[in-house]
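Report on the structure
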Amino acid sequence: MSEKNIPENIQEVVSDVEKEVVEESQNLAGKTLAELSELFQSLKDSAESMSRSKEAEAIKSAFYKLLVKLKGESGAEDEDEGSSRNNPFDAVEQNFKALYSDYKKERAEFNKQQDAQREENLAKKKAVIEELKALVEGQEDVSAQFPAFRELQNRWRDAGPVPATAFRDINDTYQFYVEKFYDMVKINRDLRDLDFKKNLEAKEAFCSAAEKLAENENIVNAFHELQKLHEQWKEFGPVAKEKRDEIWNRFKAATAVINKRYQAHFEELKGQQAENLEKKEALCVRLEEITSKEVKSSGEWNSISKEIEEIQAEWKKIGFATKKENQKIYDRFRAACDAFYARKREFYTEFKGNMNENLDKKLDLIRQAEELKLSTEWKKATDQFISLQKQWKEIGAVPRKKSEQLWKRFRAACDEFFAERDKNATPENDFYSNFKNKKKLVAEILAFEPTDSETANAEKMREFADRWAEIGHVPFKEKDNINAAYNDAMQQKFPLFAQQRVSGRGQFSKSARNPKDLLIDKYHALQQDIITYENNIGFFSASKNSEPLIKQMQERIEQAKAELKDLEEKIRQAEEEQQNG
């Protein structure tokens, strides 16, 4: 077999070199913008920078993909639409652009010089072929022709690479005249055998090098080194006819091993990429299901955001998908994330607007309370204050920094009025007598022993409730405590009363409340509940049959304190969401 007839599959495998870009991109995964810039600077400053253009392009691609991703996540404006103050990545982006621009200029100049050099080399090799042709077709003395042939071979090898488009033709022509020289020209057998021997030694060395490459663990590097050996193989002339097939088959066998491993490597990579695509498609489906859910509260936004962050972290651990689908699956994943965060920003924009509206409503209630606190129309003003307090509870949350301040101001106006009202109580509206009567009624409820008749128990429950309603107002500072004592006593004796109260609260709770401020309201309510429970323990200790109720109060206090700690963490999370939203 002629050595110039190298299998076409070698060139077909070479075309697969673009697959290295995928592998190089995988090596860059996880690097920051600064690290990518430093990596590009190091490449640019290296002595072999001009031969590493594919690596340079891979770094550039990784840099801009990461830049686009970070801009999208941070909400930074595009460079053309906003100033650098809105783009925290402007400095590193401009620095990279400058580095890449300088590299492109250097690369363009290098390529220009290389193209010129290859054209010059082509001209030299054409001149060698013309002289070789004349040598072959001449009929001069062999002893005089052989040194000239040697000199032409040396000039050919020294000429260097030629343009790729001319490589095959120029080499085939050269090999044709070289073989013709050996086969047709009558040369001295000793000189020819000596040349055959030197060519054989060189080609045996190439075979050994190729066989060693077949053991190289880095198959990509081995494949490229093999291509260099093939280039060098073509530069040497033939060996003795009886050795030609043997030496070529040895070299071809080593080549086949490397080619097979190289193809297997990329087949394995292709399989891994297909598996990665399946994993990423599954994450997209999962993400799209999550982001399509209807979200109504800050807590739900926080919970879903954590899920999405976990999915994004899982995505980063998965390698590249197939070349054809990698960008498509990334765009699908990115679109789902963007849609979610757009909805989240919209929610918190409306959320902040509602808080400001609630602030105005509570300020209006405070102004009404402060105007009303000086009234001496005790019955009418009391009803008005009760109405204001009810409205206050129905209004959603306000900015957290102002919540406590507003509540204290509103409560101060209420306290001032009710304190003055209690001091001016008339005999027909004796609040302290009402308080004593309600305490007696609570004691009577606690002493009641339910019967086996549900009807009789229900009737007794309504009787207690009617008597309670008939008793007038109590001093304002005692209102919460005595009401809590009454409710707890009724719940202890009459399960039906507890069910009716739960139903009532369920109906009341339908009014819309702000998620974060619901947490704050619940926190304040729990604080007040603890105070009330502690007061009730002292109140019930003077009554008979109150031991179970006191135990119940103690359990509620412990439960409320535990809930307070949990609420503190939830409020901090809600505050962070509000700031980030």
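Residues numbered from 1 in each chain as written. Predicted model: local features only at pLDDT ≥ 70, side-chain atom pairs only at ≥ 80, totals over all residues. Heavy atoms only, no water.

The subject of this paragraph is the overall build of the protein. Broken down by element type, the protein carries 20 helices and 0 strands. Here the protein, with 581 residues, has 38% of them falling under the buried criterion. In the protein, the proportion of contacts linking residues at least 24 apart, taken out of those at least 6 apart, comes to 78%. By element, 49% of the accessible surface of the protein is carried by carbon and sulfur atoms, the whole surface being about 33500 Å². (Helix = DSSP H or I, 4+ residues; strand = E, 2+ residues; numbered from the N terminus. Buried < 20%, exposed > 50% of the residue type's maximum accessible area, 1.4 Å probe, protein only. Contact = heavy atoms within 4.5 Å. Areas by Shrake-Rupley, 256 points an atom, 1.4 Å probe, with all protein chains shown as cover.)

Our next topic: the packing of aromatic side chains. Following the criterion strictly, the structure yields 24 aromatic pairs and no others. Geometrically, the ring pair formed by W468 and Y486 is stacked, given 4.0 Å between the ring centres and 15 degrees between the ring planes. With W468 in helix α16 (residues 454-470) and Y486 in helix α17 (residues 476-493), this pair connects stretches of sequence that are 18 residues apart. Classification of W468 by relative accessible area gives buried; the value is 10%. Members of the aromatic cluster, connected to one another through ring pairs, are F40, F63, Y64, F96, Y100 and Y103. When the ring centre of W156 is taken as origin, the NZ or CZ atom of K125, which lies over that ring, is 4.4 Å away. (Phe/Tyr/Trp six-rings, centres within 6.5 Å; stacked < 30°, edge-to-face > 60°. Lys NZ or Arg CZ within 6 Å of the ring centre and 35° of its normal.)

A word on the environment of A29. The residue A29 is located in the loop between α2 (19-28) and α3 (33-45) in this model. Classification of A29 as exposed rests on a relative accessible area of 53%. The sequence separation of A29 and K316 amounts to 287 residues, and the corresponding C-alpha distance is 8.4 Å.

Here we take up the packing of α3 against helix α5 (residues 90-137). Each pair of packed helices can be described by the angle between their axes along with the distance between the axes. It is the contact of α3 with α5, at a shortest axis distance of 10 Å, that shows an interaxial angle of 20 degrees. As far as their axial angle goes, α5 and α3 are roughly parallel. Here α3 runs over α5; the crossing is left-handed. Along the contact surface, α3 presents L33, L36, S37, F40, Q41, L43 and K44, while α5 presents V92, N95, F96, L99, Y100, D102, Y103 and E106. (Axes fitted to C-alpha atoms, helices over the stretch in contact; angles between N-to-C directions. Parallel < 35°, antiparallel > 145°, perpendicular 65-115°, else oblique. Left-handed = near helix turned anticlockwise from the far one by under 90°.)

This paragraph deals with α16. For α16, built from 17 residues, the straight-helix expectation of 24 Å at 1.5 Å per residue is met to within 8% by its first-to-last C-alpha distance of 24 Å. Within α16, burial applies to N457, A458, M461, F464 and W468. Within α16, the buried residues cover an arc of 120 degrees as seen down the axis, which keeps them to one side. Residues of α16 that are exposed and point over 90 degrees away from its buried face: T455 and E470. For α16, the N-terminal cap is S453; the gap from its side-chain oxygen to the backbone nitrogen of A456 is 3.2 Å. (Expected span 1.5 Å × (residues − 1). Arc of directions from axis to C-beta. Polar contact = N/O pair within 3.5 Å; in protein donor to acceptor, adjacent residues only side chain to side chain.)

Let us now look at the pattern of salt bridges. Using the criterion set out here, one finds 30 salt bridges in the structure. Of the charged contacts in the structure, one is a salt bridge between R409 and E370, with a shortest N-O distance of 2.8 Å. Here R409 is found in helix α14 (residues 400-423), whereas its partner E370 is found in helix α12 (residues 326-372), with 39 residues between them in sequence. Among the salt bridges present, the one from E459 reaches R462, with a minimum N-O distance of 3.1 Å. Note that E459 and R462 are positioned in helix α16 at a spacing of 3 residues, about one turn of the helix. (Salt bridge = Lys/Arg side-chain N within 4 Å of Asp/Glu carboxyl O.)

What follows covers the nonpolar core. With 22 residues, the main nonpolar core has W233, F251 and I258 as its most contacted residues. Elements supplying a minimum of two residues to this core: α8 (189-213), α9 (219-235) and α10 (241-291). Sorting elements by how many residues they give to this core places α10 first, with 8 residues. Formed by 20 residues, the second largest nonpolar core is a distinct cluster that contains L132, I170, V178 and Y182. (Core = buried A, V, L, I, M, F, W, Y, C linked by side-chain atoms within 4.5 Å.)

In the contact formed by α9 and α10, the axes pass within 9 Å of each other and the chain directions differ by 150 degrees. Put simply, α9 runs roughly antiparallel to α10. Taken as a pair, α9 and α10 cross one another with a handedness that is left-handed. Taking contact as the criterion, the partners of I219, V220, A222, F223, L226, L229, H230 and W233 in α9 are, on α10, I247, W248, F251, T255, I258, N259, R261, Y262, H265 and F266. For the contact of α9 with α10, the per-class residue count stands at 13 nonpolar, 4 polar and 1 charged. (Nonpolar A, V, L, I, M, F, W, Y, C, P; charged D, E, K, R; others polar.)

Topologically, Q153 is positioned in helix α6 (residues 142-159). Among the residues examined, Q153 registers a relative accessible area of 3% and is labelled buried. When residues no more than four places from it in sequence are discounted, the contact partners of Q153 are Y174, Y182, D195 and G237.

Time to look at α17. End to end, α17 covers 27 Å across 18 residues, agreeing with the expected 26 Å (1.5 Å per residue, within 8%). Within α17, the full set of buried residues consists of F476, N481, I482, A484, A485, Y486, N487, D488, A489, M490 and K493.

With that settled, the discussion passes to the state of the cysteines. Scanning the entire structure with this criterion turns up 0 disulfides. The closest cysteine sulfur to the non-disulfide-bonded C284 is located on C337, 8.3 Å from its own sulfur. Judged by relative accessible area, which is 1%, C284 ranks as buried. With relative accessibility at 0%, the residue C337 sits in the buried group. (Disulfide = S-S within 2.5 Å.)

This part is about the confidence of the model for the protein. Averaged over every residue, the pLDDT of the protein is 78; residues scoring 70 or more account for 80%. Within the protein, the element-level pLDDT minimum falls on helix α1 (residues 9-14), averaging 42, and the maximum on α5, averaging 88. The low-confidence segment residues 1-18, where pLDDT is below 50, has 36 contacts with residues more than four positions distant or belonging to other chains. (pLDDT = per-residue confidence, 0-100.)

Now for the environment of Y486. For Y486, a relative accessible area of 6% gives the class buried. Ignoring anything within four residues of it in the chain, the contact list for Y486 reads V442, I445, F464, A465, W468 and F497.

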